[in-house]
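So the chains spell out like this:
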Amino acid sequence: MAIVQTIEYPVEHRYFAGFLQHAIDESGVRGSVKQHKGTITLILSEEDPEALERFSLFAQKYLPHSFFLGKIETQRQEREPTKERFVSGAYPIAPCPLCLEEITDPASDRYLDDTVACTHYANEEIYRDEDPTWFSPHYTGNDTVLLTDASKARDLFLLTDEELRALFSVEKPTLRVTVKAPELQALTGKKFLRVKAPYNVKSVLAALNAKESGIETLFFDERPHEPELVLVQERRYMLRDNRISVALEKLHDDPLLNRFLNVTAEAGYDEALGAALSLKHGICFPILSSDDLRKALAFAPFDREATLEEMMEDPTRRRLLENFAAKFPETAVRLAEEDLGLFESIAAILGLEEAAYETLLEKALEFHGNGGLKIDMNFSKEGFDYAAMLGSIMSFRLAETEPHYLAYSVFEAYGDMVVSVLGQLKREFKIDRFILLGDLLGNPVLLSRILSKFQISTPYISTRLALDGE
């Protein structure tokens, strides 16, 4: 007899199965690991109970968690392990528990050794991370927090069990979380921060040095292509192409359509409607059918000057602008003179100190009620009506609506708009399969609204491919 575990693992990355192979090697149990089409199969012979116990103890202590892990089914079957040994390539993952023990244990021969590279996932080659990052105890604006002491994570931040597991997974993603510690709020002036556990040897050593000095957090300017994870309603998604996400196949020259085609292929759809919501690539609603691939609807880029001119040409909106300028003269100057994008303009209208999307999102996350205001998300013959949207937001601002409630309402309105447009496209094209993509889905207000209001059918969002990228 053998213990057979079937593990859902939706990505092609071989490192987790490699860690299982290493546990087999170290324990001396007769076993095998195979990975095929989203599943890892682990077979462990029961012929040697002591070896099986050694495997169990080793795995409990040294097997890292992966945020890609799905359901695990365990059975006893009449099966034999295969003789082939599993081999993994090299991956840019964090030091595993064995590596951390080597680096941080004063009794280890490799204590504080900055040349340690992980060889514990059946990898014949090793990955060396050349990281130019500098870590500092001083916060400078838009930094990410490096957590130096794992035991203090819940003292500093409000974290769910799922967030905690993801934070310390071997992939070491970045999470945006709520700050709990008053002293950290005072230090940064933020209620929400991006946080990351030590993710390579350099950051491990920096964290260890800080911990020994009594410093609970370090700050750093996060390098590009680090995985950022979004957890919404027990779902987890990667925001942008990074060192862990699966690479896209080249199926189309347009980046949004290419990602849309990759996700539809992953979902096994031969026809689908999509909502692509991207800060960089804009907003569009692609369609794939048996004889068509195109953007059924695409938002024109936001032009601040043209939008303000359009508002000035309408008598009602002109009066609105004049009243707004009279009450908020400094904001009116910012809108007239600064080179602001859409979300930057909205942040300015709300009177936020920094006119940025991130600032607007953080302000929205401060609202904890249910239901937002009715923000105009209308369409004209020319496309999306930015003038109506900004006018609606200005009206609520004039009515002294709290900025956090207004910011929340803006993103909730985007969610309602997505559900409404996809419903109309479904009726027009008779397609009832839906794909969501784009880094705006990293906004939990927007994504939660879509998922809660989406009664057409459950939209497909990839957990294997990043939501956005180049």
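Residues numbered from 1 in each chain as written. Predicted model: local features only at pLDDT ≥ 70, side-chain atom pairs only at ≥ 80, totals over all residues. Heavy atoms only, no water.

Observations concerning the overall build of the chain
Next, step 1: Each helix and strand in the chain was counted, giving 16 helices and 17 strands.
Next, step 2: Taken against the 2.2 N^0.38 rule, which gives 23 Å for 470 residues, the C-alpha radius of gyration of the chain at 25 Å falls within 12% of a compact globule.
Next, step 3: Considering only C-alpha atoms, the chain reaches an extent of 85 × 60 × 35 Å along its principal axes.
Next, step 4: Within the span of the chain, comprising 470 residues, buried residues form 51% of the whole.
Next, step 5: For the chain, restricting intrachain contacts to residue pairs at least 6 apart in sequence, the fraction spanning at least 24 positions comes to 70%.
Next, step 6: When the accessible surface of the chain is totalled, it reaches about 22,300 Å², and 48% of it is carbon and sulfur. (Helix = DSSP H or I, 4+ residues; strand = E, 2+ residues; numbered from the N terminus. Rg over C-alpha atoms; globule rule 2.2 N^0.38 Å. Buried < 20%, exposed > 50% of the residue type's maximum accessible area, 1.4 Å probe, protein only. Contact = heavy atoms within 4.5 Å. Areas by Shrake-Rupley, 256 points an atom, 1.4 Å probe, with all protein chains shown as cover.)

Side note on the sheet that holds strand β9 (residues 217-220)
Next, step 1: One open sheet holds the 5 strands; their spatial order is β6-β7-β8-β5-β9, and the pairing between them is mixed. For this open sheet the edge positions go to β6 (157-158) and β9, each flanked by a neighbour on one side alone.
Next, step 2: Of the strand pairs in this sheet, strand β7 (residues 175-179) and strand β8 (residues 192-196) are connected by 4 bridges, and their pairing is antiparallel. Of the residues in β8, the one forming a bridge with valine 177 is leucine 193. (Pairing = 2+ DSSP bridges.)

Notes on the side chain of serine 462
Next, step 1: One can find serine 462 in the segment after α16 (444-453).
Next, step 2: Serine 462 gets classed as buried once you look at its relative accessible area, which sits at 3%.
Next, step 3: Only 2.8 Å separates the side chain of serine 462 from the side chain of glutamate 266, close enough to count as a polar contact.
Next, step 4: At 3.1 Å, the side chain of serine 462 forms a polar contact with the backbone nitrogen of arginine 464.
Next, step 5: Ignoring anything within four residues of it in the chain, the contact list for serine 462 reads Tyr237, Val263 and Glu266. (Polar contact = N/O pair within 3.5 Å; in protein donor to acceptor, adjacent residues only side chain to side chain.)

Structural notes on the pattern of salt bridges
Next, step 1: Scanning the entire structure with this criterion turns up 35 salt bridges.
Next, step 2: The shortest N-O distance in the salt bridge between arginine 76 and glutamate 46 comes to 2.9 Å. Separated by 30 residues along the polypeptide, arginine 76 in strand β4 (residues 72-77) and glutamate 46 in the loop between β3 (39-45) and α2 (49-62) bring together distant segments of the chain.
Next, step 3: Overall, the relative accessible area of 53% leaves arginine 76 in the exposed class.
Next, step 4: For the salt bridge of lysine 250 with aspartate 253, the shortest nitrogen-to-oxygen distance reads 3.4 Å. A single burial state applies to lysine 250 and to aspartate 253, both of which are exposed. (Salt bridge = Lys/Arg side-chain N within 4 Å of Asp/Glu carboxyl O.)

Regarding the environment of tyrosine 15
Next, step 1: Looking at the element boundaries, tyrosine 15 is found in helix α1 (residues 15-27).
Next, step 2: On the basis of relative accessible area, tyrosine 15 is assigned to the buried category, the value being 0%.
Next, step 3: Placed 57 residues apart in sequence, tyrosine 15 and isoleucine 72 show a C-alpha to C-alpha distance of 17 Å.

What to know about a negative patch on the surface
Next, step 1: A contiguous patch of negative charge, built from Asp303, Glu309, Glu310, Glu313 and Glu382, is present on the exposed surface.
Next, step 2: Its place among the elements puts glutamate 309 in helix α9 (residues 304-313). (Patch = residues over 30% accessible without salt bridge, like charges linked within 9 Å, V, L, I, M, F, W, Y side chains within 5 Å. Lys, Arg positive; Asp, Glu negative; His and termini not counted. Charge placed at Lys NZ, Arg CZ, Asp CG, Glu CD.)

Some thoughts on the nonpolar core
Next, step 1: Of all hydrophobic cores here, the largest spans 72 residues; its most connected members are Tyr15 and Phe157.
Next, step 2: With 7 residues, the top contributor of residues to this core is α1.
Next, step 3: Excluding residues within four positions of it along the chain, phenylalanine 157 makes contact with Val145, Leu147, Val177, Thr178, Val179, Lys180, Leu184, Leu193 and Val195.
Next, step 4: Listed in part, the 71 residues of the second largest apolar core include Phe192, Phe302, Leu335 and Leu422. (Core = buried A, V, L, I, M, F, W, Y, C linked by side-chain atoms within 4.5 Å.)

Comments concerning α1
Next, step 1: Helix length check: α1, at 13 residues, gives a terminal C-alpha distance of 18 Å against a target of 18 Å (1.5 Å per residue), a fit within 8%.
Next, step 2: Considered for burial, the residues of α1 that qualify are Tyr15, Phe16, Ala17, Gly18, Phe19, Leu20, Gln21, His22, Ala23, Ile24 and Ser27.
Next, step 3: Residues of α1 that are buried sit in contact with β1 (2-8), β2 (31-36), β3, α2 and α3 (97-104). (Expected span 1.5 Å × (residues − 1).)

What about the side chain of threonine 148?
Next, step 1: The residue threonine 148 is located in the loop between β5 (144-147) and α4 (153-156) in this model.
Next, step 2: Of the polar contacts made by the side chain of threonine 148, one reaches the backbone oxygen of glutamate 216; its length is 2.8 Å.
Next, step 3: Setting aside anything within four residues of it in sequence, one finds threonine 148 in contact with Ala207, Ala210, Lys211, Ile215, Glu216, Thr217 and Leu218.

Section: the sheet that holds β2
Next, step 1: Spatial ordering of the open sheet is given by β2-β3-β1-β4, a layout of 4 strands whose pairing is antiparallel. Either end of the sheet is taken by a strand with one partner, and the two such strands are β2 and β4. This sheet shows a mean twist of 15° between the axes of neighbouring strands, independent of strand direction.
Next, step 2: Relative to β3, β1 runs antiparallel, the two being bridged by 7 bridges. Bridging across to β3, isoleucine 7 finds its partner in isoleucine 40.
Next, step 3: Relative to the sheet, α1 contacts β1, β2 and β3, its axis offset from that of β2 by approximately 175°. (Axes fitted to C-alpha atoms, helices over the stretch in contact; angles between N-to-C directions.)

No statement about biological role is implied by the geometric values presented.
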